[in-house]
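Summary of the model geometry
Chain by chain, the residues run as shown.
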Amino acid sequence: MDIKQRIDELKRIINEANHDYHTLDNPKISDYEYDRLLSELNKLEEQYPEYKTSDSPTNKIGGAVLDAFEKVQHEYKMMSLSNVFNEEELRSFYERIEKEVTGFSVISELKIDGLAVNIKYVDGVFVQASTRGDGITGENITENVRTIKSLPLVLSEKVSITVRGEIFMPHRSFNKLNEKRLENDEPLFANPRNAAAGTIRQLDSKIVSSRGLDLFVYTLVEPDQKITSQEEALKYLQHLGFKVNPHYKTHQTITSLIEQIKIYDGMRRTLPYDIDGVVIKVNEFKYHDRIGETVKFPKWATAYKFEAEKQETELIDITFQIGRTGVVTPVAELKPVFVSGSTISRATLHNEDYIKEKDIRIKDFVWIHKAGEIIPEVLNVNLDKRTNQKPFKMIETCPVCGEKLIRKEGEADHFCVNLDCPGRNINQMVHFASRGAMDIEGLGEKVIYTLHEFGFLNQISDIYNLHKNQDELMTIPGFGEKKVQKLLEAIERSKDMPLDRVLFGLGIKHVGAKVSKMLVKQFETIENLMNATYEDLMAIHEIGEMIALSVVEYFHNEANKRHIEYLRELGLKMAFSKQEVVEHELNNKTVVLTGKLENYSRDQAASILESLGAKMSSSVSSKTDLVIAGSDAGSKLKKARDLGIKVIDENEFMKLVNNET
Ligand code: IVH
């Protein structure tokens, strides 16, 4: 077999395996075998770039980075759907159709809560994907859609067709993404739909590839004469290799349709993705033209929208929570109720204005729901049940330290500005020690609370003085010699954390992990950053007014400056040495970490490597320069060996980072 034949064979086998795994949920080859084939294909394509084609499964990992999305003119207008919200409205939709045609059936499908996409194939090969946009012009998102694992790059027949479907983010991907964002102190996505929309607008397709989007296809645009109904179209789409949602049904009567909608509504909470209703379409295509359309939507289809789930419960009390930046948030303490899959007993009330606007009072009965099905929120008050509840009054002093709260003009939040406030400082320490920041193992929330209670921890700098109290620490219940020893070692190790982690750990408002990295890259030392003016900060492309103001304000504060000076004396890194990075042999090298390391957490190892200029990657490919393999390293190690990539163990890693090689 010649090279080209082998490449074609590999593409075919891997595309099929992708389809078995991601579309049919029925893998036929092992992950190991899959990795092996993919790495063979990768290698061959690298050696013979002339044979690399756009339909190759190696493109699924992304790579293309765009400056902007091009506009795409839709050949056929992308319409949207009219809505019905109850049985009555549904019946009148049905009756209107009965007036136009007889002998029709309707098909019910799940209304997937994501974003519509238009996808083109030429001779059975994927060529273009675009967003709906305004229905006439959309944006070209071909490179991003290409990374969606269940999208067939090649169809089972060499047809030139256009299809439409819904890009969505399954709950699993959504939860994983938000967990990661929480760790990095990045704003969370409110719901899977927003997350999917935000992801598809990423210019870097690698990011898209990593976020686990998925796709259901439901429309065949301008079908062939042979296909006469939506039901046949769905079957044909499935035959071509598309992922078609299995929950659809045809109905001869409205009674059967209504029954089915109830079944779908009941299923809703157990599906691994969000749906917001049921789409009802006249099944037979021959009737569509006769029934017609308005400017915006077809009259032969509609969307039955589910009601967002809400529950009534008693608001037992309003308490106050203090965050690490000193912001004081009112919280509703509720009589526990079950809403959208979980029991809720607390919900944020955001701020004073929110409560006043809705006139929420203690002992009221309130309606609650989950915003974006995730975050519990008080919707409104059931005024029928109001008796003699008193209007809410915002507290004036900090619930923890008693300092007078400040509400700045134009802002909705109240702040405790007492730098010694224990409530605020405990949260600061929790953040400082957390994985995304200084990653101090063993110094979690519980331990910090206990050490605070016993008087050892009041502020961040106390962490680095704990070793002076080693003997006393061992007298705290639950703190044995070993535990204390380990904790102190972890604290000592954290002194090696690079400046961007220190900066992130300080918890400056609006300065998350990414912004910290950017600031350190730009200013290199804490002094430079302290001296930076608002204009200096604004000159950085990614930094806006909010961040710039917050940074300037933070470093204007004398107490903050003293605190930082003290942290430097205690041994924390306050400068980033470019010299070191440039000279280090890992600079600009792509490194993969796999398996378990004894002396470092993965995050620690990754940030050490990054501080030396290495680029971290989560998967091994021919572009990988080095793999660091801890214990129990699995398929990545194997793949590295197959690809002939340099592999080192933890000992060698330690030598390498210390420049001892
Ligand atoms: S058919 C003429 N089927 O809902 C419109 N749409 O509110 C044809 N959607 O823009 C759309 N699931 O993004 C159709 N099974 C389904 C759907 C579905 C979700 C979305 C789609 C559409 C929006 C209309």
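See the structure printed just above.
The following paragraphs examine the structure supplied in this document. (Residues numbered from 1 in each chain as written. Predicted model: local features only at pLDDT ≥ 70, side-chain atom pairs only at ≥ 80, totals over all residues. Heavy atoms only, no water.)

**Some remarks on the overall build of the protein**
- In terms of regular secondary structure, the protein is built from 26 helices and 21 strands.
- Along the first, second and third principal axes, the C-alpha set of the protein runs to 85 × 80 × 50 Å.
- Considering the protein as a whole, with its 661 residues, one finds that 48% of them fall into the buried category.
- For the protein, contacts bridging at least 24 residues in sequence account for 67% of all contacts bridging at least 6.
- Only carbon and sulfur atoms are counted for the fraction: they give 49% of the accessible area of the protein, which is about 33400 Å².
- When the 88 positive and 103 negative side-chain charges of the protein are each reduced to one mean point, those points stand 2 Å apart. (Helix = DSSP H or I, 4+ residues; strand = E, 2+ residues; numbered from the N terminus. Buried < 20%, exposed > 50% of the residue type's maximum accessible area, 1.4 Å probe, protein only. Contact = heavy atoms within 4.5 Å. Areas by Shrake-Rupley, 256 points an atom, 1.4 Å probe, with all protein chains shown as cover. Lys, Arg positive; Asp, Glu negative; His and termini not counted. Charge placed at Lys NZ, Arg CZ, Asp CG, Glu CD.)

**Details of the site of the ligand**
- In the region of the ligand, 13 residues are neighbours, and E109, L110, E166, Y218 and K281 sit closest.
- The side chain of E109 places a nitrogen or oxygen atom 2.9 Å from a nitrogen atom of the ligand.
- When the free accessible area of the ligand is taken as 520 Å², the share hidden by the protein chains comes to 86%.
- Class assignment of the residues belonging to the shell around the ligand gives a composition of 8 nonpolar, 1 polar and 4 charged. (Near = heavy atom within 4 Å. Polar contact = N/O pair within 3.5 Å; in protein donor to acceptor, adjacent residues only side chain to side chain. Nonpolar A, V, L, I, M, F, W, Y, C, P; charged D, E, K, R; others polar.)

**Some words on the layout of surface pockets**
- As a volume, the second largest pocket reaches approximately 1900 Å³.
- In terms of lining residues, the second largest pocket is bounded by 47 residues, among which L182, D185, E186, R324 and V327 are the most central.
- Put simply, the parts of the chain that give the lining of the second largest pocket at least two residues each are α5 (171-183), β12 (310-322), β13 (327-339), β14 (342-348), β16 (375-381), α12 (422-433), α13 (445-453) and α18 (513-523).
- If you tally residues by element for the lining of the second largest pocket, the top one is α12, at 6 residues.
- A class-by-class count of the residues in the lining of the second largest pocket yields 20 nonpolar, 15 polar and 12 charged. (1 Å grid on protein atoms, 1.4 Å probe; cavity = no way out; pocket = protein on both sides within 12 Å on 5 of 7 lines; lining within 4 Å. Points joined across faces, edges and corners; volume = space filled by probe spheres on them.)

**Details of the sheet that holds strand β7 (residues 161-168)**
- Here we have 4 strands laid out as an open sheet, ordered β5-β4-β7-β8, and antiparallel in their pairing. Whereas interior strands pair on both sides, the edge strands pair on one side only; in this sheet they are β5 (125-131) and β8 (214-221). Adjacent strand axes in the sheet meet at a mean angle of 30 degrees when their direction is disregarded.
- Note: β7 against β8, 7 bridges, orientation antiparallel. From the neighbouring strand, E166 faces β8, where its bridge partner is F216.
- Helix α8 (residues 230-240) contacts β7 and β8 of the sheet and is inclined by roughly 125 degrees relative to β8. (Pairing = 2+ DSSP bridges. Axes fitted to C-alpha atoms, helices over the stretch in contact; angles between N-to-C directions.)

**Remarks on the environment of R346**
- Checked against the element boundaries, R346 lands in strand β14.
- The class of R346 is partly exposed, set by a relative accessible area of 38%.
- In the structure, R346 is positioned 160 residues away from E186 in sequence and 23 Å away in space, judged by C-alpha atoms.
- With near-sequence residues (within four places) excluded, R346 lies in contact with T319, Q321, V331, A332, E333, L334 and P376.
- In terms of polar contacts, R346 uses its side chain to reach the side chain of E333, at 2.9 Å.

**Quick word on the nonpolar core**
- If you look at the biggest cluster of nonpolar residues, it comprises 53 residues, and the most contacted ones within it are I440, L443, L451, Y464 and L519.
- Residue contributions to this core peak at 6 residues, all from helix α21 (residues 545-556).
- Aside from chain neighbours lying at most four places away, what touches Y464 is F432, M438, I440, I491, S494, K495, L567, L570 and L572.
- Counting 38 residues, the second largest nonpolar core, distinct from the first, contains I107, F174, A195 and I227. (Core = buried A, V, L, I, M, F, W, Y, C linked by side-chain atoms within 4.5 Å.)

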